[in-house]
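# Fold and geometry: a report
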Amino acid sequence: MKTSSSVPRRGILLGGTAAAVTGILAVGARPAAAVAPQKQGSPASAKLKFGRDGKFKIVQFNDTQDGPRTDRRTLELMDAVLDSEKPGFVVINGDVINGSPTNATEVKQAINNVVQPMESRKIPWALTFGNHDEDSLSNGTKMDEAKILEFLHGYDYNVNTKDDETFGSSNSQLLINSSQGNKPAFGIWLLDSGRYAPEKIGGQDFEGLKSYDWIRPEQIDWYRETSRATEVRHGKVQSLMFFHIPLWEHHHMWYGSQFTSNDADHAKAVKKHGIVGVKNEDVYVGAFNSGLFAAMQERGDVRGAYCGHDHINTFMGDYYGIELGYGPGTGFGTYGLGGTKEHELRGARVFELDEKHEGVYTGTRTLFAKDYGIDMDPKRQPLAEPLPLPER
């Protein structure tokens, strides 16, 4: 197991507004957002619901990160996971596309390729935005996150909620109803972790800091207020949270320390936090720690917070009562381990829920392309042409 940044990070580019709630907020609470309007009779108007057996699965893909001719193996992996796991909900957790599209149609094609595995199976899905999803703006595509979100709402099974004035473009609370009725038995939080830090703040640049954005205090306020309103109406609803860029606490958990990064500390942390999985590059956090972990601790309704961003990190553990972890990078079109092992960690993460179990959330596991017999050749294998766009 590697415990340092042994593989150089590639594809770093230096350099919308949304938040929504699917549940009805309590009387007297400040409305956090409006529910996105759905087409009359649209399948996505149906709420997420536990199966008759009281169980529900969530699949996390992330960093599909490709252009209009997505590597065919990305789709092969997604198809295999969906067929073997049959989830009730799927999240693509940021960096859905890369910066290669040269026009709006190519942006839509790149997105369409990786959402069709869910659409074709009638599986509800949503995405969070990562730091690369607007990179094509420099090519003149004019497809910012708000326009991408508008495009997503045209799909039958997309459940991303409508944007409002909160920072970001993919903040949502999704509630999964019990198999026995309309009371939510579990929840899903989606947050937009932003893109890159600004050039300067207070006249000072970010030299010596990570150059990524951070989850803003107003987003944390939205989470706290919405969480409180949900508790007033439904009681405490246990949940999972997804965002693209990891928290500082992901790093602290791996090393068991805030200010050192050495193997001796990690060995102790493995035992303390029950860490499993690997770390093959740095934890590329936002420039500032804005306190989301403390807010989750205060509210007590998030069982796990999972990110992407660092494609070749797959670890997870229990950090003071909240799981922190990564989903492995899914896309075959972006950086991996390098050399003959380039695609060794392409995969997905699965989360198991059982409403008959105390706490509902019963655990998580990773799935890898190599175990499905997918071709691991390092060479690119793009689609001959993009998948057909849906008729609108």
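Counting of residues starts from 1 at the beginning of each chain's written sequence and follows it residue by residue. For a predicted model such as this one, the threshold for reporting local features is a pLDDT of at least 70, and the threshold for listing and counting side-chain atom pairs is 80 or more; totals across whole chains, interfaces and linings nevertheless cover every residue. Water and hydrogen atoms play no part in the side-chain values, which are based on all heavy atoms of the structure.

### Overview of the nonpolar core
By nonpolar core we mean a set of buried residues, namely Ala, Val, Leu, Ile, Met, Phe, Trp, Tyr and Cys, connected to one another through side-chain atoms within 4.5 Å. Here the term buried applies to any residue with accessible area under 20% of the maximum for its type, exposed to any over 50%, and partly exposed to those in between, with areas from a 1.4 Å probe on protein chains only. Membership of the largest hydrophobic core comes to 35 residues, with the highest contact counts inside it found for Phe61, Val90, Ile92, Ile111, Met118 and Trp125. What counts as a helix is a DSSP run of H or I of at least four residues, what counts as a strand is a run of E of at least two, and both are numbered from the N terminus. When contributions to this core are tallied by element, the ones reaching two or more residues are strand S3 (55-61), helix H1 (72-85), strand S4 (89-93), helix H2 (104-119), strand S5 (125-128), helix H3 (145-152) and strand S12 (347-354). Counting 28 residues, the second largest nonpolar core, distinct from the first, contains Phe243, Met253, Tyr319 and Ile322.

### What about H3?
Those residues of H3 that fall on the buried side of the exposure criterion are Glu145, Ile148, Leu149, Phe151 and Leu152. In a view along the axis of H3, the buried residues occupy a sector of 155°, so they form one face of it. Two residues qualify as a contact provided that any one of their heavy atoms is within 4.5 Å of a heavy atom in the partner residue. Buried residues in H3 make contact with H2 and S5. Within this analysis, the arc is defined by the directions that extend from the helix axis to the C-beta atoms.

### Description of the pattern of salt bridges
Any Lys or Arg side-chain nitrogen found within 4 Å of a carboxyl oxygen on Asp or Glu counts as a salt bridge. According to the stated counting rule, one finds 18 salt bridges in the structure shown. Asp66 is the salt-bridge partner of Arg380, the closest N and O atoms lying 3.0 Å from each other. Of the two residues, Arg380 is situated in the segment after strand S13 (361-368) and Asp66 in the loop between S3 and H1; the sequence distance between them amounts to 314 residues. The network of salt bridges with common partners includes Lys57, Glu85, Glu352 and Arg365.

### With respect to a nonpolar patch on the surface
Only residues whose relative accessible area exceeds 30% and that form no salt bridge enter a patch; like-charged residues are grouped when within 9 Å of one another, and nonpolar side chains (Val, Leu, Ile, Met, Phe, Trp, Tyr) when within 5 Å. Using the Shrake-Rupley algorithm and a 1.4 Å probe, accessible areas are obtained, with residue cover drawn only from the displayed protein chains. A cluster of nonpolar side chains, namely Ile201, Leu209 and Phe288, defines an oily patch on the protein surface of about 250 Å² accessible area. Looking at where Ile201 falls in the secondary structure, it is placed in the loop between strand S7 (184-190) and helix H4 (217-234).

### Focus: the side chain of Asp265
The residue Asp265 is located in helix H6 (residues 263-273) in this model. Despite its burial, Asp265 pairs with no opposite charge; the closest candidate is Lys268, at 4.9 Å N-O. Once residues lying within four places of it in the same chain are set aside, the contact partners of Asp265 are Tyr255, Ser257 and Thr260. Positive charges come from Lys and Arg alone, negative charges from Asp and Glu alone, with His and the N- and C-terminal ends not counted.

### A closer look at the sheet that holds S3
When DSSP locates at least two bridges between a pair of strands, those strands are taken to pair. Spatially, five strands are ordered S5-S4-S3-S12-S13 in an open sheet, and the strand pairing comes out mixed. The open sheet has two edge strands, S5 and S13, and neither has a second partner. With strand direction ignored, the average angle separating the axes of adjacent strands in the sheet is 20°. Bridging between S12 and S13 involves seven bridges; their strand directions are antiparallel. The residue bridging Gly347 from the neighbouring strand is Phe368, located in S13. To get an axis, a line is fitted to the C-alpha atoms, and for a helix only the part in contact is used. The angle between two axes follows their N-to-C directions and goes from 0 to 180 degrees. Across the sheet, H2 lies against S3, S4 and S5, angled at about 165° from S4, the strand it touches most.

On their own, these measurements won't tell you what the molecule is for.
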